[in-house]
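Geometric and topological summary
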Amino acid sequence: MIMAWETLQNNRLRTILTVTGITIGIAALTATFTLMEGTKYTVNKTLSGFGGKFMVIYPQWDEVLRTSKGKPFVLEDAQAISGISGVTMLSLQRTNWWVPVRYKTRSLQTDIIGTDPNFSIIRNRRVEKGRFIDLQDILNQRRVCVITEGIKKRLFPSGDYLGEKLEIRGTLYTIVGCLEPMMLPTMFGANQEEGQLYIPITSSQSLFGDYTYDTIFLRYGKRYEKKRHMKLLKGRIEKILQNRNGDGSEYELRTLDEFAEAQKKMAYTISIVLCSVAGLCLLVGGIGIMNIMLVSVMERTREIGVRKAVGARNREILSQFLIEALSIAGFGGVCGLLLGVVGSRVVAIFVGMPVRITWWIVLAGAFCMLLIGVGFGLFPAKKAASVEPIECLRYE
């Protein structure tokens, strides 16, 4: 062990260059694992805040033609779906994008969402202050609205907003509440919900002159959490929509669990690509270890012969060179783990990507550096141990 360290110290520059390759590989691998684990944890935590199981239905969108593949929903569509066995609650929604909203001298553009009281129950939206839209607001087409955190920060920095009036397309709407902030899951974790404004669906229809709906939210019974039952429920809903709107209409039916799986699958796919890049870095670092060890064996051939001549056994020679390889890999691995953890934290602060350090990430890094040290150091060590003493003493 002491002789191995002395040899590495005598060739510091060569050792440092070799260690750098391992450090970069382990750092890249650690950063990738922390990102993958952080994404998984954040998506699970965010989606758990959505409350119970629900399904969202909306017309499919053709990315090429930039048109909808399905007709907008009407009230009769919702009534037919609500009659299906297993549907326990339903909410209708109509979104109008980038509508100008004014409060005194301040203004912004935001999404105006017409909805009903069931929306807050299905989506588990809690009110921070005030109340949400109720049944009387729907029946009387009241001009009331519920804001979100983004609007509150931009239009009401002082914090006083209940009872204030917002101007929407020349009509004044009284603020009756504000929803608690909600984190929305994304490919790399979660982002805080941007400003949205909710008004009664009947008031939205009068304001914009559109009596159709673009989204249906529904809650289903517990037995439909099983995949085979969910498949039957989706089939019934699709049949109703196709019968009412034509066979050419296509709709997307997504549950909360399916959305979570899609998010995780996308994150894992990107993680696999990043792991492949990190694996290439480790391969280069391993080749570097093998190269420096083969050069070291060649340079110390005479030393090996002297040691064998005075009684050193093959396993002692093998262990010496193997310890050197493991020392390089171990030092590079420790540096790589530290660099990967610190680097991922820095990325999380400046870019906003979620990271999470767990014990298995440290173990994975330790296993990789052990594998690299043994895998790429064993051949040079065997070569050193197998050289005949007479040939070693004659080597110049």
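Residues numbered from 1 in each chain as written. Predicted model: local features only at pLDDT ≥ 70, side-chain atom pairs only at ≥ 80, totals over all residues. Heavy atoms only, no water.

1. Considering the packing of aromatic side chains
In this structure the tally under the stated criterion is eight aromatic pairs. An angle of 65° between the planes, with centres 6.1 Å apart, marks the rings of F54 and F217 as edge-to-face. With F54 in strand β1 (residues 54–59) and F217 in strand β13 (residues 215–220), this residue pair connects regions lying 163 residues apart in the sequence. Across this residue pair, the class does not change: F54 and F217 are buried. (Phe/Tyr/Trp six-rings, centres within 6.5 Å; stacked < 30°, edge-to-face > 60°. Helix = DSSP H or I, 4+ residues; strand = E, 2+ residues; numbered from the N terminus. Buried < 20%, exposed > 50% of the residue type's maximum accessible area, 1.4 Å probe, protein only.)

2. Some words on the environment of T215
Residue placement: T215 occurs in strand β13. For T215, a relative accessible area of 11% gives the class buried. Expressed as a C-alpha distance, the spacing of T215 and T115, which sit 100 residues apart in the sequence, is 9.7 Å. With near-sequence residues (within four places) excluded, T215 lies in contact with V56, I57, F73, S91, L92 and Q93. At 2.9 Å, the side chain of T215 and the side chain of D214 are in polar contact. (Contact = heavy atoms within 4.5 Å. Polar contact = N/O pair within 3.5 Å; in protein donor to acceptor, adjacent residues only side chain to side chain.)

3. Thoughts on the packing of helix α9 (residues 256–299) against helix α12 (residues 359–386)
Where α9 meets α12, the closest approach of the two axes is 9 Å, and the angle between their N-to-C directions is 25°. As judged from the angle between their axes, α9 and α12 are roughly parallel. Every pair of crossing elements has a handedness; the one defined by α9 and α12 is right-handed. Contact with α9, carried on its side by L282, L283, G286, I287, I289, M290, M293, L294 and V297, involves C368, I372, F376, F379, P380, K383 and A384 of α12 and no other residues of that element. (Axes fitted to C-alpha atoms, helices over the stretch in contact; angles between N-to-C directions. Parallel < 35°, antiparallel > 145°, perpendicular 65-115°, else oblique. Left-handed = near helix turned anticlockwise from the far one by under 90°.)

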